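# Descriptive analysis of the structure
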Amino acid sequence: MMNTQFNERNVSMVMDMYELTMSNGYLNKECHNTLAAFDVFYRNNPDNAGFAIFAGLEQVVEYIQNLHFEEKDIAYLRSRNLFTEEFLDYLLHFEFKGDIYAMPEGTIMYPNEPIMTVVAPLIDAQLIETAILLQINHQSLIATKTNRIVRAANGKPVSDFGARRAHNVDAAVYGARAAYIGGAVGTATVLAGQLFNIPISGTMAHSWVMCFDNEYEAFKAYAESYPDSTVLLVDTYDVLKSGVPNAIRIAKEILEPMGKRLKGIRLDSGDLAYLSKEARKQLDDAGLKDCIIVASNSLDEYTITSLNRQEARIDSYGVGEKLITSFTTPVFGAVYKLAAVNKDGVFAPKIKISETIEKITNPGIKEIYRVYDKDGKAIADYLTVKGEEIDTAHPVRYVDPKHYWKDRNFVDCTFRPLQKQIFKDGRLVYELPALEEIRSYVKKQLECEIWKEEQRFENAHPHYLDMSPAMFELKMGLLHESSASDNA
């Protein structure tokens, strides 16, 4: 039988080939048990925004817990003629043995700070790179994009209508999960509703209307089938001359005699601002002020903002392709970089150096804190060397990496560590929150902690990532060492 995505598959094999070639090499050189620390971080917010939303941690946990290699996987890898039998046997009996630290899912996050840190034997840390990145990159991207769209809607509900434009089945399902984290009220994707208990919704397509002899008969058949939740798609033929008048007839002739009300109409094409205003007039004049107007059709935060400025009479949005693909910025760009290697019981910091300044990494095992002022507003994030003590009884000195010559201090501030331990020695030690908790956590941060200036769609105010003096000196020292070595 042909292999398809719907047959049983081992997602442990979702990894880049170089993870296997490097791991085979580590075993060959007998350094596979050397402990290493890797950081997951990203360099730029999508859409030039002021922040991003961390999503996908639950799926990373599932991957780690189920990570294994089966006989058929080993047979396939053996057929590549690249790996030693010792390494293949190692994989057959592999269990993840490392520690993982991460921000709680739903955390508002910023460029260049460690979202997740993996401290594990080299092979363990290397094999999980691709799976971690693909989950975090995809869901963080969609959660962030959805939140922009939700904020543009100014309190009006936004639903995910994107499955048919998603890049694959998994992208549709996990994209719906991420969209819910970002603030969507539900999804049209049934499997996502089943798996994650996300509210699902959906009514009819144009094909329903076209299957009947005329629009009225199509609406009548639908209302008779779903009298408690009748939402009619009114743009198959002519919105204002046919669609809305026929919807009103259905409300009066079919639903009201049953003691029911027409729940809504949906616009899926045309000038949505003009049509919604004219449709609202017709509905109100017919005594249907409680009938909502739903709009769809290639919407995003920019078109919704424009509709608001035009005073469109839209009550709810169904957003598809530009949400599920994050159309304007389709790549998140989180990376997985080595930060330290254990030598003789001590972690030696490592730094990646590049001619592109933005690609120079922050070395060593670190801790990341969110810094709050007296009013509970997040004024900065603070990066320290792991184990540093922060004495808030006195002004806490920090270094702004862009203005490192200035003497600056945090005064009367509180510091909250952002990472939690997720795995210890390969064992899950963290209680994963429910999806509703993650969604509420996002909302709370944006309403109470994150400056409105950082939430602007254009020219968002940057959030500061400052360093402790020790962290800054560590980075500068390694850069100077590298420069001296190059000039030797």
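To start, this report covers the structure provided alongside it. Residue positions are given per chain, counted from 1 along the sequence in the order it is written. Per-residue local features of the predicted model are confined to residues with pLDDT of at least 70, and side-chain atom pairs are confined, for both listing and counting, to 80 or more; whole-chain, interface and lining totals are unaffected and use all residues. Think of the side-chain values as coming from all heavy atoms in the structure, minus any hydrogens and water.

### A few points about the packing of aromatic side chains
What counts, and what does not: In this scheme Phe, Tyr and Trp rings, the latter by its six-membered ring, pair at centre separations within 6.5 Å, and the angle between planes marks the pair as stacked below 30 degrees, edge-to-face above 60, and tilted otherwise. Only DSSP runs of H or I with at least four residues qualify as helices, and only runs of E with at least two residues qualify as strands; both kinds are numbered from the N terminus onward. Each residue's exposure class comes from its accessible area (1.4 Å probe, protein chains only) as a fraction of the maximum for that residue type: buried when under 20%, exposed when over 50%, partly exposed otherwise. Here, a charge over a ring means that NZ of Lys or CZ of Arg falls within 6 Å of the ring centre while also lying within 35 degrees of the ring normal.
Following the criterion strictly, the structure yields 16 aromatic pairs and no others. Ring geometry for Tyr 42 versus Phe 332: centroids 4.7 Å apart, planes at 40 degrees, classification tilted. Taken together, the residues span a long stretch of sequence, with Tyr 42 in the loop between strand E1 (35–41) and strand E2 (52–53) and Phe 332 in the loop between helix H14 (321–324) and strand E12 (335–343) at a distance of 290 residues. Overall, Tyr 42 belongs to the buried group, its relative accessible area being 0%. Summarising the aromatic geometry, the rings of Tyr 222 and Tyr 226 are spaced 4.9 Å apart at their centres and angled 45 degrees between planes, so their arrangement reads as tilted. For Tyr 222, a relative accessible area of 5% corresponds to the buried category. Among the aromatic residues, those joined into a cluster by ring pairs are Trp 208, Phe 212, Tyr 222 and Tyr 226. Sitting over the face of the ring of Tyr 101, Lys 386 holds its NZ or CZ atom 5.2 Å from the ring centroid. A cation sits over an aromatic face here: Arg 439 above Tyr 180, 4.3 Å from the ring centre.

### Notes on the sheet that holds strand E14 (residues 366–372)
The pairing of strands in a sheet happens through backbone hydrogen bonds and is either parallel or antiparallel. To keep things clear, this is the line we draw: Two strands qualify as a pair provided that DSSP identifies no fewer than 2 bridges between them. Fitted lines through C-alpha atoms serve as axes, helices being fitted only where they are in contact, and the angles separating the N-to-C directions of these axes extend from 0 to 180 degrees.
With respect to topology, four strands assemble into an open sheet ordered E18-E14-E15-E21, the strand pairing being mixed. Single-partner strands in this sheet number two, and they are strand E18 (414–417) and strand E21 (465–467). On average, each strand axis in the sheet is inclined to that of its neighbour by 35 degrees, with strand direction left out of account. Inspection of the sheet shows E14 paired to E18 by four bridges, in the antiparallel sense. Paired with Tyr 369 across the two strands is Pro 417, which belongs to E18.

### Let's talk about the packing of helix H11 (residues 239–255) against helix H12 (residues 272–285)
Rule in force here: If an angle is under 35 degrees, it is roughly parallel; if it is over 145, roughly antiparallel; if it lies from 65 to 115, roughly perpendicular; otherwise it is oblique. Working rule for handedness: look at the near helix, and if it is turned counterclockwise from the far one by less than a right angle, call the crossing left-handed; if clockwise, right-handed. A contact between two residues is defined here by any heavy atoms of the two lying within 4.5 Å.
It is the contact of H11 with H12, at a shortest axis distance of 10 Å, that shows an interaxial angle of 40 degrees. In terms of their interaxial angle, H11 and H12 are classed as oblique. In the crossing of H11 with H12, the sense of the turn from one axis to the other is right-handed. On the side of H11, the interface is formed by Val 239, Leu 240, Val 244, Pro 245 and Ile 248, while H12 contributes Tyr 274, Leu 275, Glu 278, Ala 279, Gln 282 and Leu 283.

### Some thoughts on unusual backbone geometry
Even without being a glycine, Asn 81 presents a positive backbone phi close to 60 degrees. Relative to the elements of secondary structure, Asn 81 occurs in the loop between helix H3 (71–78) and helix H4 (85–92). One non-glycine residue, Ser 298, lies in positive phi territory at about 55 degrees. Within the element layout of this structure, Ser 298 appears in the loop between strand E10 (292–295) and helix H13 (301–309).

### Some words on the pattern of salt bridges
Using the following cut-off: By salt bridge we mean one thing: a side-chain nitrogen of Lys or Arg within 4 Å of a carboxyl oxygen of Asp or Glu.
Scanning the model with the defined rule gives 29 salt bridges in all. Ionic pairing is found between Glu 85 and Arg 78, a salt bridge with its closest N-O pair at 2.9 Å. The partner of Glu 253 in a salt bridge is Arg 249, and the shortest N-O contact between them spans 3.2 Å. Of the two residues, Glu 253 and Arg 249 are both situated in helix H11; the distance of four residues between them amounts to about one turn of the helix. Glu 253 sits in the partly exposed class, given a relative accessible area of 40%. Members of the salt-bridge network, linked through shared partners, are Asp 47, Lys 145, Arg 148 and Glu 301.

That's the geometry; what it means functionally is another story.
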